[in-house]
Amino acid sequence: MLQIQPSPNLTPLSFGHLLDLYIKLDQVKIKQIFEKFLIEDCHIPTNTPPYATTFFSETVKHIITMLSCILGYTTNEHVDEFILAFLSIFTPSKTPVIMFDHAMLISDRVHEQFIRLLLKEFSNTLHCCFICSCITREISSL
């Protein structure tokens, strides 16, 4: 694993932590998020997530794009529960309530990808070795 020392002032970013934040959001807080970050003349959604990114201001779209990449999403077209929870820590022109440690999540994701790649290559190598040993056995039995 990459050796990154987390800052003691940062909260580790994880799906679990974002889910906890989302669970704590009531309808009033969700409405406040929409009032702060939706584009003007846009109605406040009353349905459950996901919400279209097109409803949000340009600044928030940049945050959504960045967070979508960090979380490993393949698209930034929708705002789901995790992104909505992340947006809940922001107030325009103020420091976020929670400072997340993105580096640890990114390094963990890279580490997981390396491990998957190594396991895939290892399983391919084992498969080749098994086939070679079977061929060798067949040849030696002739």
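Computed from a predicted model, the values in this text were never measured in an experiment.

A.B. asks: Would you mind showing me how to read the overall build of the protein here?
C.D. replies: Summing up its helical and strand segments, the protein has five helices and four strands in all. The linear arrangement of helices and strands in the protein, starting from the amino end, is β-α-α-β-α-β-α-β-α. Contacts spanning at least 24 positions in sequence make up 63% of the contacts within the protein whose residues lie at least 6 apart. For the protein, the computed accessible surface area is about 9,800 Å², with 62% contributed by carbon and sulfur atoms.

A.B. asks: Just to check I follow, could you spell out the packing of aromatic side chains for this structure?
C.D. replies: Between two aromatic rings, the relevant description is the distance of the centres plus the angle of the planes. Applying the stated criterion across every chain yields a total of five aromatic pairs. Ring centres 5.0 Å apart and planes at 90° place the aromatic pair Phe34 and Tyr51 in the edge-to-face group. With Phe34 in helix H2 (residues 27-37) and Tyr51 in strand E2 (residues 51-52), the pair connects residues that are 17 residues apart, well separated along the chain. Of the two residues examined, Phe34 and Tyr51, each falls in the buried class. In textbook terms, an aromatic cluster arises when at least three aromatic residues are bridged by ring pairs, as seen for Phe34, Tyr51 and Phe56.

A.B. asks: Can you walk me through the side chain of Ser68 in this structure?
C.D. replies: Within the fold, Ser68 resides in helix H3 (residues 58-71). Accessibility expressed as a relative area gives 2% for Ser68, which makes it buried. In contact with Ser68, other than residues within four places in its own chain, are Tyr73, Thr75, Asn76 and Ile83.

A.B. asks: Mind showing me how you'd approach the nonpolar core here?
C.D. replies: Burial of nonpolar side chains together is a common tendency in soluble globular proteins. By size, the foremost hydrophobic cluster in this structure holds 31 residues, and its most contacted members are Leu18, Phe56, Leu84, Phe86, Leu87 and Phe100. Apart from the residues within four sequence positions on either side, Phe86 is in contact with Leu18, Ile63, Met66, Leu67, Phe100 and His102.

A.B. asks: Is there a simple way to think about the pattern of salt bridges in this case?
C.D. replies: Between side chains of opposite charge, pairing is possible as soon as their charged atoms come close. Scanning the entire structure with this criterion turns up one salt bridge. Glu58 is paired through a salt bridge with Lys61; the nearest N and O atoms lie 3.3 Å apart. Here Lys61 and Glu58 lie together in helix H3, a separation of three residues that amounts to about one turn.

The rules behind the values
Residues numbered from 1 in each chain as written. Predicted model: local features only at pLDDT ≥ 70, side-chain atom pairs only at ≥ 80, totals over all residues. Heavy atoms only, no water. Helix = DSSP H or I, 4+ residues; strand = E, 2+ residues; numbered from the N terminus. Contact = heavy atoms within 4.5 Å. Areas by Shrake-Rupley, 256 points an atom, 1.4 Å probe, with all protein chains shown as cover. Phe/Tyr/Trp six-rings, centres within 6.5 Å; stacked < 30°, edge-to-face > 60°. Buried < 20%, exposed > 50% of the residue type's maximum accessible area, 1.4 Å probe, protein only. Core = buried A, V, L, I, M, F, W, Y, C linked by side-chain atoms within 4.5 Å. Salt bridge = Lys/Arg side-chain N within 4 Å of Asp/Glu carboxyl O.

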